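Coordinate inspection notes
Here is what each chain is made of, one letter per residue.
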Amino acid sequence: MQPEGPPQDGRGEGAAELRAGDLTGRVFPLGDWGEPAVRLHELYRWVERGALETASWYLADRVWKRRGARVLRVGAAGGAVAGAALPLLDMTGVVGGVAPWGYLALLLGVACVAGDRFFGVTSGWIRDVATAQAVQRRLQALQFDWASESVREVLGPADGTASEAADRCLGVLRRFSEDVTELVRAETADWMVEFRTGAAPLGVQSVGGAGQRQDSGAGGTGRFPSPPGAGARPNMPRQRPPEPR
C-alpha cells in the first residue's frame, strides 16, 4: 500500500496537468478488488491528486488577487500622502495651485480602499493562501498516516487481519477527503459571509432590505413579530381552584 515514487506536488513532471479550473466533483475510480494492495494504491493516488489540484486552484486564484491588492494598497497610500502633502505645499507657497490636486489624490486613495473592501481583493487573497496551506498541511499528515499503515502491513498478521488493514486504509482516505471538503466549504462560507455583510452589491442589499421590510410589516402593527418563547404566549389571568365541599 506504500505509494512507489515521489508524489506529484505540482512541480516537475505532471505539473502541466494540474489545471486551475473550477473545483468540481470527480468520478470515483472503479476497479477490481481482487488485488487490494493495488486497488488501495490507486485510491491513494486519486485522493492525493485531488488535494494537489485543490491547493493548486487556490494558489492560482490568489495570483491576480495579490497583484490587485498590492496595486490598490499602493494607490491608497499614494493618495493619502499626496492628499496631505499637496495642500501643505500650496499653503506654504512652495508650489502654487496644487491644493485641488491633493483633494483629488485623497479621493483616489479613498476609492482604492473602498474598491478593495467592496470586491474583497485583499481578504480573498488571504483566504486563498490560508486554504492552500491548510490543504497542504492536511496532505502531509495523510502521507505520514499512509506510511504508518504501510508499516503495519509489513508487520504482518500480528497487527490485525488483511481485511482490518484495508478497512483502516479506506478510513484514512475517507477522513482526509472529508477534511479537504470541509476546508473548501469553510472558505466558501467565509466568502459568503463577507459578500452578504461587507461587500454585497447594491442590488443584493436592496433585495434583502425589501424582504426584511415585508417581514416586519406582515403583522400590520409596524413592530417586529414577537420571538417564540416565554413572551410569545399571552398572559391569562389565574383562576382560583374550586374549594372542596
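My aim in this report is to walk through the structure given alongside it, one point at a time.

If you tally the helices and strands in the protein chain, you get five helices and zero strands. For the protein chain, the α and β elements follow one another from N to C terminus as α-α-α-α-α. Within the span of the protein chain, comprising 245 residues, buried residues form 25% of the whole. Within the protein chain, contacts between residues at least 6 apart in sequence are counted, and of these 72% link residues at least 24 apart. A total of about 17,300 Å² of accessible surface is found on the protein chain, and carbon and sulfur atoms cover 61% of it.

Structurally, Glu187 can be placed in helix 4 (residues 162–197). We classify Glu187 as buried; its relative accessible area is 10%. Within the structure, Glu187 has its side chain in polar contact with the side chain of Arg127 (distance 3.1 Å). Discounting residues that sit within four places of it in the chain, Glu187 has contacts with Tyr58, Arg127, Asp128 and Thr131.

Right, let's get into the packing of aromatic side chains. Taken as a whole and assessed by the stated rule, the structure comprises three aromatic pairs. Seen from their ring centres, Tyr44 and Trp146 are 4.9 Å apart, and the 25° between their planes marks the pair as stacked. A residue pair is termed long-range when its members are at least 10 positions apart, and Tyr44 in helix 1 (residues 36–92) and Trp146 in helix 3 (residues 121–155) qualify at 102 residues. Given the relative accessible area of 3%, Tyr44 is considered buried. The class for Trp146 is buried, based on a relative accessible area of 1%. Consider the rings of Trp57 and Tyr58, whose centres lie 4.9 Å apart with planes at 90°: the pair is edge-to-face.

What follows covers the environment of Leu106. Locating Leu106 in the fold gives a position in helix 2 (residues 99–119). The class for Leu106 is partly exposed, based on a relative accessible area of 40%. Taking the C-alpha atoms as reference points, Leu106 and Ala84, 22 residues apart in sequence, are found 7.7 Å from one another. Contact partners of Leu106, with chain neighbours within four places excluded, come to Gly79, Ala80 and Gly83.

With that settled, consider the environment of Thr92. Relative to the elements of secondary structure, Thr92 occurs in helix 1. Overall, Thr92 belongs to the exposed group, its relative accessible area being 59%. Here the side chain of Thr92 touches Leu89 through a polar contact of 3.2 Å, landing on its backbone oxygen.

Our focus in this paragraph is helix 1. The end-to-end C-alpha distance of helix 1, which contains 57 residues, comes to 83 Å, matching closely the 84 Å that a straight helix rising 1.5 Å per residue would cover. Val63 marks where helix 1 bends most, by close to 30°. Phi turns positive, to about 85°, at Gly93, one or two residues after helix 1.

Criteria and cut-off values
Residues numbered from 1 in each chain as written. Predicted model: local features only at pLDDT ≥ 70, side-chain atom pairs only at ≥ 80, totals over all residues. Heavy atoms only, no water. Helix = DSSP H or I, 4+ residues; strand = E, 2+ residues; numbered from the N terminus. Buried < 20%, exposed > 50% of the residue type's maximum accessible area, 1.4 Å probe, protein only. Contact = heavy atoms within 4.5 Å. Areas by Shrake-Rupley, 256 points an atom, 1.4 Å probe, with all protein chains shown as cover. Polar contact = N/O pair within 3.5 Å; in protein donor to acceptor, adjacent residues only side chain to side chain. Phe/Tyr/Trp six-rings, centres within 6.5 Å; stacked < 30°, edge-to-face > 60°. Expected span 1.5 Å × (residues − 1). Bend = angle between axes of the 7 residues up to and from the residue.

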